[in-house]
Amino acid sequence: MPPLSLDLSTTVIALLISGASFVAWFFSMLAGGGSPFILIPLLSVLLGTQAVAPVITTGLLIGNTQRSLFFWREIDWRVTAWYLPGCLAGSMLGAWIFAWVQVDWLQILLGVALLGMVANYWLSKVLNWSDRPFPIPAWYFLPVAFLNSIGSALIGSTGPIMNPMYFSYGLEKEAMIATKASNKAFLHIFKLLSYTVLGVLRPEYIGYGLLIGLGAVPANLLGKWVLERISNEQFQQMVYAFVAVSGVVMIWEQRSWFLAW
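This text gives an overview of the structure that appears in the document. Residue indices follow the written sequence of each chain, beginning from 1 at its first position. Since the coordinates come from a predicted model, pLDDT governs what is reported: local features require at least 70, and pairs of side-chain atoms require 80 or more to be given and counted, while whole-chain, interface and lining totals use all residues. Values shown for side chains rest on all heavy atoms present in the structure; no hydrogens or waters enter the calculation.

## Quick notes on the environment of Ile-161
Secondary structure elements follow DSSP: runs of H or I no shorter than four residues count as helices, runs of E no shorter than two count as strands, and numbering proceeds from the N terminus. Within the secondary structure, Ile-161 is located in the loop between helix H6 (141–155) and helix H7 (163–169). Buried means the residue's accessible area, taken with a 1.4 Å probe over protein chains only, is under 20% of the maximum for its type, while exposed means over 50%, and partly exposed covers the values in between. Under the relative-accessibility criterion, Ile-161 is labelled buried at 14%. For the pair formed by Ile-161 and Leu-115, sequence separation is 46 residues and the distance between their alpha carbons is 10.0 Å.

Here it is in structure tokens:
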């Protein structure tokens with residue numbers, strides 16, 4: 001894909017990426033994440049699959065950094081301190097085994113896990129269980145971040161797999177969004193460093209990534225305004241609705257794996 005220029009085709013691509021970025025970041029603010037599910041398919045069509053990882057990583061770094069700055073005072077730094085070492089080690093291990101591991105079954109497993117989390121959430125409502133049936137300490141984020149980062153490196157994105165864990169720890173609305181955004185920002189820094197070392201971070205990829213980051217600015221502002229006006233219960237319902245959709249999409253994308261069996 002050529003670098004950004006002023007010709008019509010590139011202008012159209014830039015507008016499509018910016019517009020999709022705005023939509024993705026706005027809804028991800030209200031759903032606790034998930035912008036890659038909107039952006040990755042579009043980037044694959046417009047730029048090719050090879051460009052997706054470095055472009056999306058650049059854009060997500062910018063968007064998550066800005067989002068964490070919006071809610072800086074809400075970040076739970078204990079969670080981030082435990083998250084970082086697991087994230088770094090998991091990213092390195094996942095990148096190392098990426099070349100030879102068959103991961104179709106992993107995406108299906110993650111999809112089933114997401115649907116299981118949603119079922120547990122709604123059962124807790126129907127049976128009047130506690131809102132936090134399994135409260136967890138901060139150190140749990142170290143091993144879970146390690147496993148999550150391996151999965152992210154292998155299949156590109158693990159979706160909102162950790163969202164229920166943030167709720168179980170006790171984070172709500174702005175605190176959950178802020179802490180998750182700061183953790184993701186560090187994760188994308190690690191990924192960009194890896195792409196730079198491997199020589200796959202081209203200048204045009206940075207340009208397209210900047211478009212995603214710029215689209216995130218107004219979307220995060222609007223999302224922040226809406227988030228302040230909804231209740232914790234409404235926020236959790238939207239997050240778990242997105243978790244359910246993500247689980248179905250993950251399984252559906254690997255339907256050929258079932259057909260092969």
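On we go.
## A word on empty space enclosed by the protein
Definitions used throughout: a 1 Å grid over protein atoms alone; a cavity as a set of points that fits a 1.4 Å probe which cannot get out; a pocket as an open set with protein on both sides within 12 Å along at least five of seven lines; a lining residue as one with an atom within 4 Å of a point. Grid points are joined across faces, edges and corners, and a volume is the space filled by probe spheres set on the points. The tally for this structure, following the rule as stated, stands at 1 cavity of 30 Å³ or more. By volume, the largest cavity amounts to about 50 Å³. In terms of lining, the largest cavity is formed by 12 residues, of which the most central are Asn-148, Met-162, Tyr-166, Lys-180 and Lys-184. Within the residue set of the lining of the largest cavity, elements represented by two or more residues are H7 and helix H8 (173–198). With 3 residues, the top contributor of residues to the lining of the largest cavity is H8. The residue inventory of the lining of the largest cavity, partitioned by class, reads 5 nonpolar, 5 polar and 2 charged. Following the grouping adopted for this structure description, the nonpolar residues are Ala, Val, Leu, Ile, Met, Phe, Trp, Tyr, Cys and Pro, the charged ones are Asp, Glu, Lys and Arg, and the polar ones are all others, Gly among them.

## Observations regarding the packing of aromatic side chains
Two rings belonging to Phe, Tyr or Trp (six-membered ring only in the last case) form a pair when the distance between their centres is within 6.5 Å. Interplanar angles under 30 degrees mark stacking, angles over 60 mark edge-to-face geometry, and anything in between is tilted. Across all of its chains, the model carries 7 aromatic pairs by this definition. Ring centres of Phe-141 and Tyr-166 lie 5.3 Å apart, and the angle between their planes is 45°; on these two criteria the pair is classed as tilted. Of this pair, Phe-141 sits in helix H6 while Tyr-166 sits in helix H7, and the two are 25 residues apart along the sequence. On the basis of relative accessibility, which here comes to 2%, the residue Tyr-166 falls in the buried class. Taken together, the ring pairs connect Phe-141, Tyr-166 and Tyr-169 into an aromatic cluster.

## Here we look at helix H2 (residues 35–47)
One fewer than the residue count of a helix, multiplied by 1.5 Å, yields its expected span. Counted at 1.5 Å a residue, the expected span for H2 with its 13 residues is 18 Å, and the 17 Å between its end C-alpha atoms agrees. Listed as buried for H2 are Ser-35, Pro-36, Leu-39, Leu-43 and Leu-47. The buried residues of H2 occupy one face: seen down the axis, they fall within an arc of 75°. Positioned one or two residues after H2, Gly-48 has a phi angle of 95°, which is positive. Here, the arc refers to the directions that run from the helix axis to the C-beta atoms.

## Some points on unusual backbone geometry
A positive phi is found at Lys-173, a non-glycine position, where the angle reads about 45°. When you line up the elements, Lys-173 lands in helix H8.

## Regarding the pattern of salt bridges
What counts as a salt bridge is simple: a side-chain nitrogen of Lys or Arg found within 4 Å of a carboxyl oxygen of Asp or Glu. Across all of its chains, the model carries 3 salt bridges by this definition. When the shortest N-O distance is used, the salt bridge between Lys-224 and Glu-228 registers 2.9 Å. The closest approach of N and O atoms between Arg-229 and Glu-228, which form a salt bridge, is 3.6 Å. One network of salt bridges, in which partners are shared, links Lys-224, Glu-228 and Arg-229.

## A short note on a nonpolar patch on the surface
Only residues whose relative accessible area exceeds 30% and that form no salt bridge enter a patch; like-charged residues are grouped when within 9 Å of one another, and nonpolar side chains (Val, Leu, Ile, Met, Phe, Trp, Tyr) when within 5 Å. Values of accessible area rely on a 1.4 Å probe in the Shrake-Rupley scheme; residue burial ignores everything except the protein chains shown. Taken together, the side chains of Phe-22, Val-23, Phe-27, Ile-38, Leu-222 and Trp-225 make up a nonpolar region of the molecular surface, amounting to roughly 520 Å² of accessible area. Every element with two or more residues in the nonpolar patch is listed here: helix H1 (8–31) and helix H9 (203–227). The leading source of residues in the nonpolar patch is H1, at 3 residues. Inspection of the secondary structure assignment puts Phe-22 in helix H1. Assessed through its relative accessible area of 30%, Phe-22 is described here as partly exposed.

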